[in-house]
Structures are given as structure tokens and as C-alpha cells.
Amino acid sequence: MRLCSKEKSDLPEQISGINRESRTAAQGTSSRRRFLPPGFRSGNPLNMAVATLVYALMIAFLGTEIVNQVDDSIITIGLFLTAFGIIFFTGDYLGIQSFLPITRSPRVFAKVIGIFLYDFLIFLAGLALTCVLYELASLLG
């Protein structure tokens, strides 16, 4: 878009158009869709089908484990939440990757390494939190 192609009186409209275009490109999706879980934001039926299958399997696994082993339900819930945290981070839910170093790199290789690194850290944090909650539950009950 060339600013010099029109008269000076059209300059504010051109500038506001540039700002509007860059704002919608930065958001990527409509304001309501950005709150949908990964797999549903783009509206692509294939992505939605795969996401539905994965979420259904995770919920079925959680339900089966809680019913079969009531004593270990804290571990199951902790690992379930950890898995959701990894999915939501990898799916860049609400643009979280743009706030963290490495994942906001313009180089694809560095970004992929950053995503794997942060996923591993989320896994370790979830595992540690699950162990702490399990120990607290065993001490209290």
C-alpha cells in the first residue's frame, strides 16, 4: 500500500486502514473464537474432528482411572491437567507463546526447540505438583 499515491487529505484514512489491517492480522481470529480450545479456533473440520477425538479420549481415560482406582485419583487428575497444559501451550492458546522468550523467535527451528523446552518444563512442573498433592493427601488421609 503506497501512501504517496493519493492526496494528503486521504492520509488519515490510509493510516487507519493500515492499523486496522495489522490489528486483525495480529489477532488472527475473531474475538470469540480465540477463547476456544486448540483445534476449534480455525473452524477447520479436520482440526475439530482430531481435537474432539483427542479430548474425548483424554476424558474417557480420566473417568476410567478415577472409577477404577479411587486412591490414585489425585495422580490421574494431576497428569490430566498437565497434559491439557501441554496441549494448550503447544496450541498457543490465547497467544501465550508470544510472551515467552525462544518461542517468539522469528526462526522456526528456535521456536520449535522453545516449544519442546517449555512443554518439558510444564510436564516437570505438573509432575512435581502431582507428587506434592499426593503426599499431602496421604498425610491427611
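Since the model is a prediction, treat every value here as computed from it, not as a measurement.

What counts and how
Residues numbered from 1 in each chain as written. Predicted model: local features only at pLDDT ≥ 70, side-chain atom pairs only at ≥ 80, totals over all residues. Heavy atoms only, no water. Helix = DSSP H or I, 4+ residues; strand = E, 2+ residues; numbered from the N terminus. Buried < 20%, exposed > 50% of the residue type's maximum accessible area, 1.4 Å probe, protein only. Areas by Shrake-Rupley, 256 points an atom, 1.4 Å probe, with all protein chains shown as cover. Phe/Tyr/Trp six-rings, centres within 6.5 Å; stacked < 30°, edge-to-face > 60°. Contact = heavy atoms within 4.5 Å. Core = buried A, V, L, I, M, F, W, Y, C linked by side-chain atoms within 4.5 Å. Axes fitted to C-alpha atoms, helices over the stretch in contact; angles between N-to-C directions. Parallel < 35°, antiparallel > 145°, perpendicular 65-115°, else oblique. Left-handed = near helix turned anticlockwise from the far one by under 90°. Nonpolar A, V, L, I, M, F, W, Y, C, P; charged D, E, K, R; others polar.

## Some thoughts on the overall build of the chain
Here is step 1 of the chain: Check the secondary structure of the chain and you find four helices and zero strands.
Here is step 2 of the chain: Mapped in sequence order, the helices and strands of the chain form the string α-α-α-α.
Here is step 3 of the chain: Per-residue burial over the chain gives 18% buried out of 141 residues.
Here is step 4 of the chain: Of the roughly 10300 Å² of accessible surface on the chain, a fraction of 69% belongs to carbon and sulfur atoms.

## Things to note about unusual backbone geometry
Here is step 1 of the chain: Of note in the backbone geometry, Asp92 takes a positive phi value of approximately 55 degrees without being a glycine.
Here is step 2 of the chain: Within the element layout of this structure, Asp92 appears in the loop between α3 (73-90) and α4 (108-140).
Here is step 3 of the chain: For Asp92, a relative accessible area of 26% puts it in the partly exposed group.
Here is step 4 of the chain: With a phi angle near 75 degrees, Ile102 is a residue other than glycine that sits in the positive phi range.
Here is step 5 of the chain: The residue Ile102 is located in the loop between α3 and α4 in this model.

## Focus: the packing of aromatic side chains
Two descriptors summarise a pair of aromatic rings, namely the distance from one centre to the other and the angle between the planes of the rings.
Here is step 1 of the chain: If you walk through the whole model with that rule in mind, you get six aromatic pairs.
Here is step 2 of the chain: Residues Phe80 and Phe84 carry aromatic rings whose centres are separated by 4.8 Å and whose planes lie at 80 degrees to one another, so their mutual orientation is edge-to-face. Residue Phe80 and its partner Phe84 are located together in helix α3, separated by four residues, close to a single helical turn.
Here is step 3 of the chain: Residue class for Phe80 comes out buried when judged on its relative accessible area of 15%.
Here is step 4 of the chain: On the basis of relative accessibility, which here comes to 18%, the residue Phe84 falls in the buried class.
Here is step 5 of the chain: Considering the side-chain rings of Phe84 and Phe88, the 5.8 Å spacing of their centres and the 75 degrees angle between planes classify their relative orientation as edge-to-face. With Phe84 and Phe88 both in helix α3, this residue pair falls four residues apart, about one helical turn.

## Re the side chain of Asp119
Here is step 1 of the chain: Within the secondary structure layout, Asp119 lies in helix α4.
Here is step 2 of the chain: Leaving out residues up to four positions away in the same chain, Asp119 has contacts with Ile86, Phe89 and Thr90.

## What to know about the nonpolar core
Here is step 1 of the chain: Among the nonpolar cores identified, the biggest contains six residues, and these are Ala51, Tyr55, Met58, Leu62, Phe80 and Phe84.
Here is step 2 of the chain: Of all the secondary-structure elements, those providing two or more residues to this core are α2 (45-68) and α3.
Here is step 3 of the chain: Broken down by element, the residue count for this core peaks at four residues, all from α2.
Here is step 4 of the chain: Residues in contact with Phe84, not counting those within four places in the same chain, are Tyr55 and Met58.

## Details of the environment of Gln97
Here is step 1 of the chain: One can find Gln97 in the loop between α3 and α4.
Here is step 2 of the chain: Its relative accessible area of 4% is what places Gln97 among the buried residues.
Here is step 3 of the chain: Counting along the chain gives 17 residues from Gln97 to Gly114, while the straight-line C-alpha distance between them is 9.1 Å.
Here is step 4 of the chain: Residues contacting Gln97, with those up to four places away along its chain left out, are Phe89, Thr90, Asp92, Thr103, Arg104, Lys111 and Ile115.

## Topic: the packing of α3 against α4
Here is step 1 of the chain: Remark: α3 packs on α4, axes separated minimally by 9 Å, with the N-to-C direction vectors making an angle of 160 degrees. Relative to α4, the element α3 lies roughly antiparallel. Considering only the axes of α3 and α4, their crossing is right-handed. Contacts between α3 and α4 pair Ile74, Ile75, Gly78, Leu79, Thr82, Gly85, Ile86, Phe89 and Thr90 from the former with Ile115, Tyr118, Asp119, Ile122, Phe123, Gly126, Leu127, Thr130, Leu133, Tyr134 and Ala137 from the latter.
Here is step 2 of the chain: When grouped by side-chain class, the residues that make up the contact of α3 with α4 number 13 nonpolar, six polar and one charged.

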